[in-house]
Amino acid sequence: MRTLENQKALVTGATSGIGRAIAVKLAEEGATVYFTGRRAELGKETVELIEKAGGTGHFIVSDIASIDDVRKLAAEVGEVDVLVNNAGIFPFSPTPEQSLEDYQRVFDVNVRGTYFLTAALAPAMVAKGKGSIVNVSSIAAVVGTPIGSVYNASKAAMDALTRSWAVEFGQAGVRVNSIAPGPIRTDAAVEGAGEMFTAITELTALKRVGEPEEIAEAVLFLASDRSSYITGTVITADGGYVAS
Amino acid sequence: MELQGQRALVTGATSGIGRAVARKLTEAGATVITTGRRALGGTQHVVADLGDLDDVRRLADEVGEVDVLVNNAGIFPFGPTLEQDVETYEQVFNVNVRGPYFLTAALLPKMIAKGGGSIVNISSVTARTGTPIMSVYGASKAALDSLTLSWAVEFGGHGIRVNSVAPGLTRTEKVEENLGDAIEHIVAPTPLGRAGEPEEIAEAVLFLASPRSSFLTGSIVTADGGAIAT
Ligand SMILES: NC(=O)c1ccc[n+]([C@@H]2O[C@H](COP(=O)([O-])OP(=O)(O)OC[C@H]3O[C@@H](n4cnc5c(N)ncnc54)[C@H](OP(=O)(O)O)[C@@H]3O)[C@@H](O)[C@H]2O)c1
Ligand SMILES: NC(=O)c1ccc[n+]([C@@H]2O[C@H](COP(=O)([O-])OP(=O)(O)OC[C@H]3O[C@@H](n4cnc5c(N)ncnc54)[C@H](OP(=O)(O)O)[C@@H]3O)[C@@H](O)[C@H]2O)c1
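Residue numbers run consecutively from 1 along every chain, following the written order of its sequence. Lettering for chains starts from A, numbering for ligands starts from 1, and both go in the order in which the items are written. It should be noted that, the model being predicted, local features are given only for residues of pLDDT at least 70 and side-chain atom pairs only at 80 or more, the latter also being counted only at that level, while totals for whole chains, interfaces and linings use all residues. As a rule here, side-chain values cover all heavy atoms of the structure and leave hydrogens and water aside.

### Examining the site of ligand 2
Residues and elements named next belong to chain B.
- When at least one non-hydrogen atom of a residue lies within 4 Å of a molecule or strand, that residue is treated as near it. Lining the immediate surroundings of ligand 2 are 31 residues, of which T14, R37, N72, Y137 and T170 lie closest.
- Distance and chemistry together define a polar contact, namely a pair of N or O atoms within 3.5 Å, with one atom able to donate a hydrogen and the other to accept it when in protein, and with adjacent residues in sequence counting only for side-chain atoms on both sides. One of the side-chain N or O atoms of R37 is found 2.6 Å from an oxygen atom in ligand 2.
- Here a nitrogen atom of ligand 2 sits 2.8 Å away from a polar atom, N or O, in the main chain of L50.
- Here the Shrake-Rupley method, with its probe set to 1.4 Å, supplies the accessible areas, and only the displayed protein chains count as covering residues. For ligand 2, whose free accessible area comes to 870 Å², the fraction covered by protein is 95%.
- Those elements that place two or more of their residues in the shell around ligand 2 are α1 (16–27), α4 (135–155) and α5 (173–179).
- Within the shell around ligand 2, the residues separate by chemical class into 13 nonpolar, 13 polar and five charged. Going along the chain from the N terminus, every DSSP run of H or I of four or more residues is numbered as a helix, and every run of E of two or more is numbered as a strand. All amino acids are sorted into three groups, where Ala, Val, Leu, Ile, Met, Phe, Trp, Tyr, Cys and Pro are nonpolar, Asp, Glu, Lys and Arg are charged, and the leftover types, Gly among them, are polar.

Here is the structure:
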């Protein structure tokens, strides 16, 4: 039997990159996957990829920075067994030049959206006595970088939510964990980091960057019963970047 | 089967978590060699005392080449610092740190020659929490986690991944014998409100041993029912 047979999952930000790989992987493993993003064309492509993998996917256009959209999304999707908070943005800027707008946006998408979506979906998991929530944070949460202060802080906030929610919902059988990826080859990361992206390769122990599918495998592990005693943890998947 | 054709060595597989890990890796298709001081039936078992360096070398020689190494053998004789005797202190560090260190060092050259492998160290959440009676044990497991980080960096270029699984309180015979009814009191306030089962730790080890965790190295995977998040 596939590991997520008969389960329903919601993955935010699955119109590209890591989120797309997660949506396809969970669907391959038997889950009915609902996923979000703002870019409709790319959402359709993800549905096609899911179907090609023999799974079922439903795309909902939704802006996680909008509280109204978050509430509508939760109402539309209803009860889920697995929630993957993956949608995120990473516009870098040195602190003195940080615009208030971008600052606000990073926290709205990476933290506030995750927060209120989880708040809306957790009660059904608690009532059911079971569920798994996976936050896609980043190793940026635990390292200092010259132009990532806001992003890094938003991901550290996410990891703090992971711990709090593990404690808050654990007795009800709901597990909450973070996956903290290191450098992963997505269009957004490659374009965003530019030349830095290749340079980063040398800073990992494995001397390579990761692929979205490798993060998806780790998310699947946390989403499934195979990780039944794991909650409140941050699992680093970074090719040994932080260790070095 | 994800470990088909692979050879794995699991230390301390005569009971508890190690036995569950050996079973899990076998189910996943690996040829598993077990070790411990106690004898086990079967031809794939090597009796060895990890506290004894001659035994460690003999074990490495007999085992030869492995794709997966699980450093699980460990002892946890608790005691307050002010009453700690030197013998027990030495024994904890010899079995929990020196044994895995020289065993790993002896097995690595063949892994390097092969161009890949996965090493999983079984540490403990005690490496990262303070307790009144586990100072030596906690320090030994913190040392083991540190070896995980160093080895990940030292051998990552050869395609060898090194990670830790840090269990919380897990219901093994040894733990039941040591703690008895106290187990329930200890785990009641943790998020999941229960002790772990050896099989649950074994699943995490299998994840790290398998290609499913191909981008994980130098990671410490905590499997503690949320205990240290509180
Ligand atoms: N790639 C890396 O190296 C790396 C490393 C560590 C952590 N991460 C984290 O991994 C996650 C995915 O990153 P990625 O590299 O895959 O980048 P990506 O391809 O840009 O994916 C981000 C996803 O989030 C969605 N999203 C962004 N803003 C949104 C909004 N306001 N409302 C709804 N959805 C929104 C995007 O969809 P739309 O644009 O269609 O809305 C897209 O599907 C992020 O949380 C990121 O911080 C990535
Ligand atoms: N159970 C828990 O709550 C828990 C929590 C965190 C971490 N851990 C760690 O998980 C590992 C396994 O613990 P467990 O609970 O499964 O305990 P266990 O049942 O006592 O298993 C310990 C294993 O290590 C072997 N061992 C001990 N001393 C040895 C020596 N000198 N030479 C060779 N082998 C030796 C034992 O085999 P022989 O007696 O046959 O030598 C046995 O197979 C340990 O490293 C422990 O620190 C356990």
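### Concerning unusual backbone geometry
Residue and element names in this part refer to chain A.
- One non-glycine residue with positive phi stands out, namely N6, at about 65°.
- Mapped onto the elements of the fold, N6 is located in the segment before β1 (8–11).
- Even without being a glycine, K207 presents a positive backbone phi close to 60°.
- Summarising the element assignment, K207 is placed in the loop between α7 (195–201) and α8 (212–223).

### Comments concerning the site of ligand 1
All names here are of chain A.
- The immediate surroundings of ligand 1 are formed by 32 residues, with R38, D63, N86, Y151 and T186 found nearest.
- Separating an oxygen atom of ligand 1 from a backbone N or O atom of I18 is a distance of 2.8 Å.
- Measuring from an oxygen atom of ligand 1, one finds a side-chain N or O atom of Y151 at 2.6 Å.
- Summarising the interface, the protein chains cover 94% of the accessible area of ligand 1, which totals 870 Å² for the free molecule.
- Counting only elements with at least two residues in the shell around ligand 1, the list comes to α1 (17–28), α4 (100–128), α5 (149–170) and α6 (187–193).
- By residue class, the composition of the shell around ligand 1 is 15 nonpolar, twelve polar and five charged.

### Description of a nonpolar patch on the surface
All names here are of chain A.
- Together, F92, I147 and M196 give the surface a local cluster of nonpolar side chains, amounting to about 250 Å² of exposed area.
- Considering the arrangement of structural elements, one finds F92 in the loop between β4 (82–85) and α4.
- Think of it in three bands: residues with accessible area under 20% of the maximum for their type are buried, residues over 50% are exposed, and the middle band is partly exposed, with areas taken using a 1.4 Å probe on protein chains only. Accessibility expressed as a relative area gives 36% for F92, which makes it partly exposed. For patches, a residue must show more than 30% relative accessible area and have no salt bridge; joins then use 9 Å for like charges and 5 Å for nonpolar side chains, namely Val, Leu, Ile, Met, Phe, Trp and Tyr. Whenever a carboxyl oxygen of Asp or Glu lies within 4 Å of a side-chain nitrogen of Lys or Arg, that contact is scored as a salt bridge.

### Quick notes on the sheet that holds strand β1 (residues 7–11) of chain B
Residues and elements named next belong to chain B.
- Strands are treated as partners if at least two bridges between them are detected by DSSP. Here seven strands make up an open sheet; going across it, the order is β3-β2-β1-β4-β5-β6-β7 and the pairing parallel. The open sheet terminates on both sides in strands that have one partner only, identified here as β3 (45–47) and β7 (220–223). Across the sheet, the axes of successive neighbouring strands diverge by a mean angle of 15°, strand direction being ignored.
- Along the sheet, α1 contacts β1, β2 (31–36), β4 (68–71) and β6 (160–167); its crossing angle with β1, the most-contacted strand, is approximately 170°.
- Helix α2 (residues 53–63) rests against β1, β2 and β3 of the sheet, and its axis sits at about 160° to β3. Fitted lines through C-alpha atoms serve as axes, helices being fitted only where they are in contact, and the angles separating the N-to-C directions of these axes extend from 0 to 180 degrees. Contact between two residues is taken to exist if any of their heavy atoms lie within 4.5 Å; hydrogens are not considered.

### Section: the interface of chain A and chain B
- At the interface, 34 residues of chain A touch 40 residues of chain B.
- Throughout, the accessible surface (probe 1.4 Å) given up by two parts as they are put together, summed over both, is called the buried area. Summed over both partners, the interface of chain A with chain B comes to about 2,800 Å²; 64% of that surface belongs to carbon and sulfur atoms.
- Area buried by chain A at its contact with chain B is led by L206, R226 and Y229 of chain A, which between them contribute 28% of it.
- Inspection of the chain A/chain B interface yields two salt bridges.
- When the shortest N-O distance is used, the salt bridge between R226 of chain A and E203 of chain B registers 3.2 Å.
- Every element with two or more residues in the side of chain A that touches chain B is listed here: α5, α8 and β7 (234–237) of chain A.
- When the residues that make up the side of chain A that touches chain B are grouped by side-chain class, the tally is 15 nonpolar, eleven polar and eight charged.

### Description of the packing of aromatic side chains
- Any Phe, Tyr or Trp ring, taking Trp's six-membered ring, that has another such ring centre within 6.5 Å forms a pair; planes under 30 degrees apart are called stacked, those over 60 apart edge-to-face, and the others tilted. All chains considered together, the criterion is met by 14 aromatic pairs over all chains.
- Ring geometry for F90 of chain A and Y151 of chain A: centres 5.8 Å apart, planes at 70°, overall edge-to-face. One end of the pair, F90 of chain A, is in the loop between β4 and α4; the other, Y151 of chain A, is in helix α5, with 61 residues separating them in the sequence.
- Classification of Y151 of chain A as buried rests on a relative accessible area of 12%.
- Here F221 of chain A and F207 of chain B contribute two aromatic rings whose centre-to-centre distance is 4.2 Å and whose plane-to-plane angle is 0°, an arrangement assigned as stacked. Of this pair, F221 of chain A sits in helix α8 while F207 of chain B sits in helix α7 (residues 198–209), placing the two residues on different chains.
- F207 of chain B gets classed as buried once you look at its relative accessible area, which sits at 1%.
- Through pairs of rings, three or more aromatic residues link up here, namely F90, F92 and Y151 of chain A.

### Describing the UniProt feature "domain: Ketoreductase" (unreviewed entry) in chain B
- UniProt positions are given in the numbering used here, feature names are shortened, and annotations may be inferred rather than shown by experiment. UniProt records the feature "domain: Ketoreductase" (unreviewed entry) at residues 6–168 of chain B, using the numbering of this structure.
- Annotation note: span residues 6–168 of chain B, helix share 45%, strand share 20%, distance between end C-alpha atoms 28 Å.

### A look at the nonpolar core
- Put simply, a nonpolar core is a bunch of buried Ala, Val, Leu, Ile, Met, Phe, Trp, Tyr and Cys residues held in one set by side-chain atoms that sit within 4.5 Å of each other. The biggest cluster of nonpolar side chains holds 65 residues, and the ones touching the most others in it are I22, L26, V33 and V84 of chain A together with L25 and V70 of chain B.
- Contacts of V33 of chain A, omitting those with residues within four sequence positions, involve A9, V11, A23, L26, A27, T56, G57 and H58 of chain A.
- Judged by nonpolar contacts, the second largest core, of 28 residues, contains L10, Y34, V106 and V109 of chain A.

### What about α4 of chain B?
Residues and elements named next belong to chain B.
- The span one expects for a helix is its residue count, reduced by one, times 1.5 Å. End to end, α4 covers 30 Å across 21 residues, agreeing with the expected 30 Å (1.5 Å per residue, within 8%).
- Considered for burial, the residues of α4 that qualify are V136, Y137, G138, S140, K141, L144, D145, L147, T148, W151, A152 and F155.
- Buried residues along α4 sit in contact with β4, α3 (86–114), β5 (117–122), β6 and β7.

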